[in-house]
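Examining the three-dimensional arrangement
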Amino acid sequence: MIDIKQVHKSFGNREILKGIDLHVPTGSVTVILGPSGSGKTTFLRTLNFLEKADAGTMQLNDISVDLHKASNKEILNVRRNTSMVFQSYNLFSNKTVIENIMEGLVTVKKMKKSEARDIAQRFLKEVGMEGYDDYYPVQLSGGQQQRIGIARALAMDPEVILFDEPTSALDPELVGEVLAVIRKIAKELEVTMIIVTHEIGFAKEVADQVVFMEGGVIVEQGDPKVVLEHPKEERTRKFLSRYL
Ligand code: ATP
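Residues numbered from 1 in each chain as written. Predicted model: local features only at pLDDT ≥ 70, side-chain atom pairs only at ≥ 80, totals over all residues. Heavy atoms only, no water.

Once that is clear, we can look at the overall build of the protein. Of regular secondary structure, the protein possesses 9 helices and 10 strands. Its C-alpha atoms give the protein a radius of gyration of 18 Å, within 12% of the compact-globule value 18 Å for 244 residues. Along the three orthogonal principal directions, the C-alpha set of the protein runs to about 55 × 45 × 30 Å. When burial is assessed residue by residue, the protein has 52% of its 244 residues classed as buried. Partitioning the contacts of the protein with sequence separation of at least 6, the portion at a separation of at least 24 is 63%. A total of about 11,500 Å² of accessible surface is found on the protein, and carbon and sulfur atoms cover 47% of it. (Helix = DSSP H or I, 4+ residues; strand = E, 2+ residues; numbered from the N terminus. Rg over C-alpha atoms; globule rule 2.2 N^0.38 Å. Buried < 20%, exposed > 50% of the residue type's maximum accessible area, 1.4 Å probe, protein only. Contact = heavy atoms within 4.5 Å. Areas by Shrake-Rupley, 256 points an atom, 1.4 Å probe, with all protein chains shown as cover.)

As a further point, take the site of the ligand. For the ligand, the set of nearby residues contains 13 residues, the closest of which are R14, S36, K40, T42 and E165. In the environment of the ligand, an oxygen atom lies 2.9 Å from a nitrogen or oxygen atom belonging to the backbone of T41. H198 has a polar side-chain atom sitting 3.4 Å from an oxygen atom of the ligand. A total of 630 Å² of accessible area belongs to the ligand in isolation, and the protein chains cover 63% of it. Within the residue set of the shell around the ligand, elements represented by two or more residues are β2 (14-24) and α1 (40-47). The element contributing the most residues to the shell around the ligand is α1, with 3 residues. (Near = heavy atom within 4 Å. Polar contact = N/O pair within 3.5 Å; in protein donor to acceptor, adjacent residues only side chain to side chain.)

This part is about the side chain of D133. Inspection of the secondary structure assignment puts D133 in the loop between α4 (113-126) and α5 (142-155). For the buried residue D133, which engages in no salt bridge, the nearest side chain bearing the opposite charge is R117, 5.3 Å off. Excluding anything up to four places from it in sequence, D133 contacts T96, V97, I98, Q121 and L124. (Lys, Arg positive; Asp, Glu negative; His and termini not counted. Salt bridge = Lys/Arg side-chain N within 4 Å of Asp/Glu carboxyl O.)

Note that strand β9 (residues 209-214) and strand β10 (residues 217-222) share 5 bridges and pair antiparallel. By the bridge assignment, E214 is partnered in β10 with V217. What sits between the antiparallel neighbours β9 and β10 is a turn of 2 residues, in which G215 has the positive phi angle 60°. (Pairing = 2+ DSSP bridges.)

All right, on to the packing of aromatic side chains then. Taken as a whole, this structure holds 3 aromatic pairs when the rule is applied. Between Y132 and Y135 the ring centres are 4.7 Å apart and the planes differ by 50°, which places this aromatic pair in the tilted class. Ring geometry for F239 and Y243: centres 5.1 Å apart, planes at 50°, overall tilted. On the basis of relative accessible area, F239 is assigned to the buried category, the value being 1%. Three or more aromatic residues link up through ring pairs in this structure, and these residues are F212, F239 and Y243. (Phe/Tyr/Trp six-rings, centres within 6.5 Å; stacked < 30°, edge-to-face > 60°.)

So, about the layout of surface pockets. Taken as a whole, the largest pocket spans an internal volume of roughly 610 Å³. R79, T82, M84, V108 and M156 are the residues nearest the centre of the largest pocket, which is lined by 19 residues in total. A per-element tally of the lining of the largest pocket places helix α3 (residues 97-107) first, with 4 residues. In terms of residue class, the lining of the largest pocket is made up of 8 nonpolar, 7 polar and 4 charged. Estimated volume of the second largest pocket: approximately 190 Å³. It is α4 that provides the largest number of residues to the lining of the second largest pocket, a total of 3 residues. (1 Å grid on protein atoms, 1.4 Å probe; cavity = no way out; pocket = protein on both sides within 12 Å on 5 of 7 lines; lining within 4 Å. Points joined across faces, edges and corners; volume = space filled by probe spheres on them. Nonpolar A, V, L, I, M, F, W, Y, C, P; charged D, E, K, R; others polar.)

In short, shape yes, function no, at least from these values alone.
Here is the structure:
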């Protein structure tokens, strides 16, 4: 479970997040939609302290933190329980696929290499990349690299995975394979997910909750069928009409 209250963030004198509240039940999927510049990425980044919020609190199961004032120890504790999947994969180019997935297990979780390798192989299989252990990222397509990014996130056994536009950097023909992997893990694994994406069809199919953000506020949220097919707010309707 993740419960977020009153997140504020400004860059200079521009207020980008104007008091965001969000509750995501354990094992559920929340998709955040919204126009470019509405603050979606900034919001995700405040949740694992890649950006420091100006104010706000977060409850992550039994961990409770102030997103502005958290100590280094609290930040580490949140990071141990959350994984992030980035738009640009962020794999280590000088490490093989299996080493990329093992890295956090060995350095953060202090696991033995043999144990980390077993876990990494399990998640390679989970994302349909069995047998690619010794490839380097440059030898893979963007879709394959992103599936490794997802395997790396899953291997850490996080309570929450934050996906920041996981398919935006991909050629259109590769988007489907990555969405299929996310769909599969949403169904099979009890992991709580917050996904920022522009893929409306995917949101309709996979999300338990859709959030529409604009101008640093949540304009509308709820059941995907209701928000996406019968939006109450004019701003949501206008945004969605661009995708129909
Ligand atoms: P997109 O869908 O295009 O990724 P978004 O909704 O994720 O957009 P953000 O990336 O959160 O939007 O950006 C919101 C606003 O904050 C933008 O105007 C952006 O220029 C600004 N912004 C983001 N990061 C910084 C930063 N480090 N310094 C200054 N301004 C920033």
